[in-house]
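# Structural characterization, general
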Amino acid sequence: METQLDPIDTTSSAGLRASLAGLPASFRFGVATSAYQIEGAIAEDGRTPSIWDTYCHVPGMIENGDVGDAGCDHYHRMPEDVALMRDHAIGTYRFSISWPRVQPGGRGPINPAGIAFYDRLLDELLAAEIEPWVTLYHWDLPQELEDAGGWPVRDTAYRFADYALAVYERLGDRTSHWTTLNEPWCSAMLGYAEGRQAPGRTDFSDAIRAVHHLLLGHGLAAQRMRQAAKGPLELCLTLNMGHAYPATDSAADQAAARRADGMGARLYLDPVVLGRYPMDLLEDFAAQQITVPVVDGDMEIISTPIDLLGINYYSSHFFSGVDEQGRTTDDAGRPVVRMVSTGRPVTAMGWEIVPEGFTDLLVRLAKDYGLPIVITENGAAFDDVADERGFVADHDRIAYLASHIGAVASACRQGADVRGYLAWSLLDNFEWSYGYDKRFGLIRVDFETMRRTPKLSAAWYRDLIRSVQGKPA
Ligand code: FCB
């Protein structure tokens, strides 16, 4: 059922090169972060609260009672962090802009002190010969916009487009790589249906409205940025997904996998690439008296052409259409879509390690949607053990990265057009509802002192990049 993967050979540079055969010569390697997870400085230079500032201070929402107030103090340590990237051969750095830092309150003029931070960051990156990759929205909606209804409300899409254009006009001269949204599935489903992320609401019909307005905001921003572009512009939308496999060949399990793929992938890709919502999902929504709030002209805006599809991949899942009691519908009459464990090893997040799902996903996306792809996030949290110097010999993370980079190369050999790989993450950081305990960094952060210590994986990744570039390790 799944693709068999040749394990990547990291024991010799010849073996590594053979495992990576298929990656194009121009393939870019880098790392990714997001503003709220690393910046700290939540009340400095005019920044106002985002939905994450509010959510994290609600008791019980974040593990260990952690809050994102300090992050990794990147706002004050940015030059040190850029130097660490330069020293580790990082070619591309994907970071996000904090909306309430550059446009406090989510509407009105740009805050000069807030945008100045990103001015400095871009200049520092360019001086270090690192390609900047901007994400405009990585979940930190200004609280005032949530108070006005948040993403379930249409006006938020227009607020996002105004913000996106204003930032692009100020920073677009120094990079052509722009991602509009990071993972609208998380914003809509975890934020508005499941309440597991900010703003913590739990209404499925609100979540579907949020999906539409996130996509509309993306399309409006894409149109306006395209019109304003004075030079090259590579527009990207980043989606998170795995490959959805049926647990067995039964019709019920195949229907469950189709629905999981629909909610995780097609609900976003079909409107953006094909200009329509998937009919099978609309039927499921209608059965729950839910309609997508499409206004005439919306689908043309949403399907404004983009240049690249950003994929964030962590795991793949197997689905059954039968629950533990043997039923195929739940109490509300909805078809069962149940994720089943396959017993594979898991990361510290409890996510199964499924690199072959990465290959299958990329090959399928290439076939069904045809867009060039960049891996805008991939990585793993493990229970790191630091020695007395703060050093972590994270062989588990290296194995994860190696097998997943190998999976990308394998997809390229099967014809997928994948142009880059950005590891999540540069630094251990504030992992949303999981707090600071779940460490994804190539670089360890001691959250007491904010000291940075590169892990073994950082050196491994540096050597891999150098060897791919034909430079000595
Ligand atoms: C993704 C998010 C990123 C990080 C990783 C582990 O869903 O985009 O911010 O939390 O998961």
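This write-up is about the structure you can find in this document.

Here is what the cut-offs are and how they apply
- Numbering of residues begins from 1 in every chain and follows the order in which that chain's sequence is written.
- With the structure being a predicted model, the display of local features is reserved for residues of pLDDT at least 70 and the display and counting of side-chain atom pairs for 80 or more, all residues being used for whole-chain, interface and lining totals.
- Each side-chain value is derived from all of the structure's non-hydrogen atoms; neither hydrogens nor water enter the calculation.
- In this text, near means that some heavy atom of the residue lies within 4 Å of the molecule or strand in question.
- Polar contacts, as counted here, are pairs of nitrogen or oxygen atoms within 3.5 Å of one another; within protein the pair requires one atom able to donate a hydrogen and one able to accept it, and residues that are adjacent in sequence qualify only if both atoms are side-chain atoms.
- Accessible surface is estimated by sampling points in the Shrake-Rupley manner with a 1.4 Å probe; for residues, cover comes only from the protein chains shown.
- Each helix corresponds to a stretch of at least 4 residues labelled H or I by DSSP, and each strand to a stretch of at least 2 residues labelled E; elements are numbered beginning at the N terminus.
- Here the expected span of a helix is defined as 1.5 Å times the quantity of residues minus one.
- Residues count as neighbours in contact if any of their non-hydrogen atoms are within 4.5 Å of one another.
- Only protein atoms enter the 1 Å grid used here. Points where a 1.4 Å probe fits but cannot escape make up a cavity, open sets with protein on both sides within 12 Å along at least five of seven lines make up a pocket, and a residue lines them when an atom lies within 4 Å of a point.
- Grid points are joined across faces, edges and corners, and a volume is the space filled by probe spheres set on the points.
- Residues are grouped as follows: Ala, Val, Leu, Ile, Met, Phe, Trp, Tyr, Cys and Pro are nonpolar; Asp, Glu, Lys and Arg are charged; all remaining types, including Gly, are polar.
- Think of a patch as exposed residues, more than 30% relative accessible area, with no salt bridge, where like charges cluster within 9 Å and nonpolar side chains (Val, Leu, Ile, Met, Phe, Trp, Tyr) cluster within 5 Å.
- Throughout this description, the term salt bridge denotes a Lys or Arg side-chain nitrogen within 4 Å of a carboxyl oxygen of Asp or Glu.
- By the counting scheme adopted, Arg and Lys are positive, Glu and Asp are negative, and His together with the chain ends is not counted.
- By convention, the charge on Lys lies at NZ, on Arg at CZ, on Asp at CG and on Glu at CD.
- Burial classes follow relative accessibility: with a 1.4 Å probe on protein chains only, a residue under 20% of its type's maximum area counts as buried, one over 50% as exposed, and anything between as partly exposed.
- When DSSP finds two or more bridges between a pair of strands, those strands are recorded as paired.
- Simply put, an axis is a line fit to the C-alpha atoms, just over the touching stretch for a helix, and the angle between two N-to-C directions goes from 0 to 180 degrees.

### A word on the site of the ligand
Around the ligand, the structure places Gln37, His138, Trp139, Asn182, Glu183, Asn312, Tyr314, Glu377, Trp424, Glu431, Trp432 and Phe440. Within the side chain of Gln37, an N or O atom sits 2.8 Å from an oxygen atom of the ligand. With respect to the ligand, the side chain of Glu183 contributes an N or O atom lying 2.5 Å from an oxygen atom. Across the complex, the protein chains shield 95% of the 290 Å² of accessible surface that the ligand would expose by itself.

### What to know about helix α6 (residues 112-127)
Taking 1.5 Å as the rise per residue, α6 with 16 residues should run 22 Å; its terminal C-alpha atoms sit 22 Å apart, in good agreement. Looking at the buried side of α6, the elements it contacts are α2 (35-38), α4 (74-87), β2 (92-96), α5 (99-102), β3 (131-137) and α8 (155-171). The positive-phi residue at the C-terminal boundary of α6 is Glu129, with phi of around 60 degrees.

### A closer look at empty space enclosed by the protein
As enumerated under the stated definition, the model contains four cavities of 30 Å³ or more in all. Taken as a whole, the largest cavity spans an internal volume of roughly 50 Å³. In terms of lining, the largest cavity is formed by Ile51, Trp52, Tyr137, Trp139, Trp151, Cys186, Ser187, Tyr192, Gln197 and Ala198. At the level of elements, α3 (51-56) and α9 (184-193) are the ones that each hand at least two residues to the lining of the largest cavity. Here the element with the most residues in the lining of the largest cavity is α9; it accounts for three residues. Each residue belonging to the lining of the largest cavity can be placed in one class, and the counts come to eight nonpolar, two polar and no charged. Around the second largest cavity, the lining residues are His88, Ile90, Leu426, Leu442, Ile443, Ala458 and Tyr461.

### A few points about the layout of surface pockets
One number sums up the size of the second largest pocket: a volume of about 270 Å³. Taken together, 16 residues make up the lining of the second largest pocket; nearest its centre are Ala25, Phe27, Phe29, Val468 and Gln469. Elements that contribute at least two residues to the lining of the second largest pocket include exactly β1 (28-32) and α16 (456-468). The greatest single-element share of the lining of the second largest pocket, amounting to three residues, is contributed by α16.

### Focus: a negative patch on the surface
On the surface, a cluster of negative charge is contributed by Glu63, Asp383, Asp396 and Asp437. Mapping Asp396 onto the fold places it in helix α15 (residues 395-413). Residue Asp396 is classed as partly exposed on the basis of its relative accessible area, which comes to 35%.

### So, the pairing of β3
Along β3, six of the seven residues are buried, which leaves the element largely enclosed by surrounding structure. Inspection of the sheet shows β2 paired to β3 by five bridges, in the parallel sense. Residue pairing for β3: Thr92 is matched across the bridge by Glu131. Note that β3 and strand β4 (residues 177-182) share four bridges and pair parallel.

### Regarding the sheet that holds strand β5 (residues 234-240)
Read around the closed barrel, eight strands run β1-β2-β3-β4-β5-β7-β10-β11, paired in parallel fashion. Across the sheet, the axes of successive neighbouring strands diverge by a mean angle of 25 degrees, strand direction being ignored. Pairing of strand β10 (residues 373-377) with strand β11 (residues 418-424), which is carried by two bridges, proceeds in the parallel orientation. When the bridges of β11 are listed, Ile373 appears paired with Val418. The strands that helix α10 (residues 204-228) touches are β3, β4 and β5; relative to β4, the one it contacts most, it runs at about 165 degrees. Set on the sheet, α15 makes contact with β1, β10 and β11; between it and β11 the angle comes to about 165 degrees.

### Observations concerning the pattern of salt bridges
A complete count under the given rule lists 39 salt bridges for this structure. Linking Asp162 and Arg224 is a salt bridge whose minimum nitrogen-to-oxygen distance equals 2.5 Å. Residue Asp162 is found in helix α8, and its partner Arg224 is found in helix α10; the two are separated by 62 residues along the sequence. Of the charged contacts, one joins Arg259 and Asp284 as a salt bridge, the two residues approaching to 2.7 Å between their closest N and O atoms. Of this pair, Arg259 sits in helix α11 (residues 251-274) while Asp284 sits in helix α12 (residues 279-287), placing them 25 residues apart in sequence.

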